[in-house]
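# Inside the fold
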Amino acid sequence: MAEKEQLSAVLTYHVLPGKVMSGDIAGKTLMPETVQGSTVSIDATDGVTIDGATVIKADINASNGVIHVIDQVITP
């Protein structure tokens, strides 16, 4: 059971509530709360990084939000 909880925590750490487009955060640094409950560090002052992971493709619209592809897994 602990493995399922860990996987759930990692997956929900990758999700922010709402729909955030790259243009909404351009030039900013933020510390938003994830669905998992922890905060992540976003730096959009020169490209976009999230907890050190680089966004390599942004603003992919999905039926339930928007996807931003990062180059590595981030963990809470």
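Presented here is an overview of the structure given in this document. (Residues numbered from 1 in each chain as written. Predicted model: local features only at pLDDT ≥ 70, side-chain atom pairs only at ≥ 80, totals over all residues. Heavy atoms only, no water.)

### So, the nonpolar core
In this structure, Tyr13, Ile25, Val40, Ile42, Ala44, Ile50, Ala53, Val55, Ile70 and Ile74 together form the largest nonpolar core, which totals 10 residues. Filtering out sequence-adjacent residues up to four positions away, Ile42 remains in contact with Leu16, Ile25, Lys28, Thr29, Leu30, Pro32, Val48, Thr49 and Ile50. (Core = buried A, V, L, I, M, F, W, Y, C linked by side-chain atoms within 4.5 Å. Buried < 20%, exposed > 50% of the residue type's maximum accessible area, 1.4 Å probe, protein only. Contact = heavy atoms within 4.5 Å.)

### Some remarks on the environment of Ala58
Locating Ala58 in the fold gives a position in strand E4 (residues 53–62). Residue classification places Ala58 among the partly exposed residues on the basis of a relative accessible area of 36%. Each C-alpha atom, one on Ala58 and one on Ile70, is 8.8 Å from the other, the two residues being 12 residues apart in sequence. Apart from residues no more than four positions distant in its own chain, Ala58 is found in contact with Ser22, Ile67 and His68. (Helix = DSSP H or I, 4+ residues; strand = E, 2+ residues; numbered from the N terminus.)

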